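# Structure assessment
Single-letter residue listing:
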Amino acid sequence: MFYDWKDEYLIGIASIDHQHQKLFMMVKVLHGYIESGDTALVMKNFLKELITYTETHFSDEEKYMKEIGLPENLYQQHAAEHIDLMNQVKAIKTDYDSAHKVFTPKLINFLVDWLRNHIVHTDTKISQFLSKRTG
Ligand SMILES: [Fe+2]
């Protein structure tokens, strides 16, 4: 399925790849909840869990970029994408909490598209930097 993990998303840094795989697994679980029309509470709690895990992942990734000395402009661009996603996901959650909107497959499309684009275009810059550095 479109939301399944694919090895082409590997960036070659085990700790980050592992967290990306976990994020895809979580999106798949969320998709399952939406498909089976699971209770609002289950989905709400799960979205909270997804936000927490994503925040942990972003902060680990940012720490790693600092550790390896990624140039500041690349770091800033990258971190800005993380902030942007968190703002969007939090807005979705607020919408849901206040207006009791229903999660739809559109949410899954949005998350999967974001993850794929970010991994392929932005996260890979971390490994490109590493391979250039080590020659
Ligand atoms: Fe990232």
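Going by the structure above, here's the rest.
Everything in this summary refers to the structure shown in the same document. As the structure is a computational prediction, the values presented were derived from the model and not from experiment. (Residues numbered from 1 in each chain as written. Predicted model: local features only at pLDDT ≥ 70, side-chain atom pairs only at ≥ 80, totals over all residues.)

## Some words on the overall build of the protein
Helices and strands together make up the secondary structure of the protein, namely four helices and zero strands. In terms of C-alpha radius of gyration, the protein reaches 16 Å, essentially the compact-globule figure of 14 Å for 135 residues. Structurally, the protein occupies a C-alpha span of about 50 × 30 × 20 Å along its principal axes. For the protein, the residues scored as buried account for 10% of the 135 residues in total. (Helix = DSSP H or I, 4+ residues; strand = E, 2+ residues; numbered from the N terminus. Rg over C-alpha atoms; globule rule 2.2 N^0.38 Å. Buried ≥ 20, exposed ≤ 12 C-beta atoms within 10 Å, placed from the backbone.)

## Some thoughts on the environment of Asp-4
Relative to the assigned elements, Asp-4 resides in the segment before α1 (14-35). Given 10 C-beta atoms within 10 Å, Asp-4 falls into the exposed group. It is 11 Å that separates the C-alpha atoms of Asp-4 and Leu-115, two residues lying 111 residues apart in sequence.

## Quick look at the nonpolar core
Counting residues in each nonpolar core, the largest one holds six residues, listed as Val-27, Leu-30, Leu-107, Ile-108, Leu-111 and Leu-115. For this core, the elements supplying multiple residues, two or more each, are α1 and α4 (105-134). Element by element, the count of residues in this core is highest for α4, at four residues. (Core = buried A, V, L, I, M, F, W, Y, C linked by C-beta atoms within 7 Å.)

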